[in-house]
Amino acid sequence: MKTSSLSGSCLCGEVRYTATGEESRFYHCHCTRCRKATGTGHASNLFLMGTLQWENGEDLIKSFKPPEAERFTNTFCSQCGGRVPRFIEALGMVFIPAGSLDAEPEMKPHARIFTGSRAAWSCDGTQIPEFSEYSH
């Protein structure tokens, strides 16, 4: 495993962080909870075995954990709603919403998980037209 230092922020930039550790895994998760939390077809989540340091805005961080969820927690900036990382103490692992990173990580996604819950309209790897910018 490779040791990395990854930095990022929420949408408004008030919450800033640095996660340092060994890259573990990177998944596109299609579960219902990830879809609801992101409002998209899947969440892209990166995991590091290591530490999480808040650089700014820690007081703005809120979390929501459905009572019946064993592993799921949505952690976000209370000002803009942007998802931010969380430290999973029992595992010594940092869960990072990949879209919150300031730069692309070297690690590439390993797999799509919970594809049995994938919305039919969600990206599935088949070819559809793509455009570098929005055009109507």
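This section reports on the structure supplied with the text. Worth saying up front: this structure is predicted, and the values here are computed from it rather than measured.

Note on placement: Ala98 falls in the loop between strand E7 (93–97) and strand E8 (111–113). Sequence spacing of Ala98 and Val84 is 14 residues, and the spatial spacing of their C-alpha atoms is 9.1 Å.

Inspection of the entire model under this criterion finds three salt bridges. Between Arg16 and Asp102 there is a salt bridge, with the nearest N and O atoms lying 2.5 Å from each other. Here Asp102 lies in the loop between E7 and E8 and Arg16 lies in strand E2 (residues 16–29), a separation of 86 residues in the sequence. Assessed through its relative accessible area of 30%, Arg16 is described here as partly exposed. The class of Asp102 is partly exposed, set by a relative accessible area of 45%. The closest approach of N and O atoms between Arg33 and Glu68, which form a salt bridge, is 3.6 Å. Taken as a pair, Arg33 in helix H1 (residues 32–38) and Glu68 in the loop between strand E4 (61–64) and strand E5 (74–77) lie far apart in primary sequence, 35 residues in all. Under the relative-accessibility criterion, Glu68 is labelled exposed at 60%.

Reading the values: the criteria
- Residues numbered from 1 in each chain as written.
- Predicted model: local features only at pLDDT ≥ 70, side-chain atom pairs only at ≥ 80, totals over all residues.
- Heavy atoms only, no water.
- Helix = DSSP H or I, 4+ residues; strand = E, 2+ residues; numbered from the N terminus.
- Salt bridge = Lys/Arg side-chain N within 4 Å of Asp/Glu carboxyl O.
- Buried < 20%, exposed > 50% of the residue type's maximum accessible area, 1.4 Å probe, protein only.

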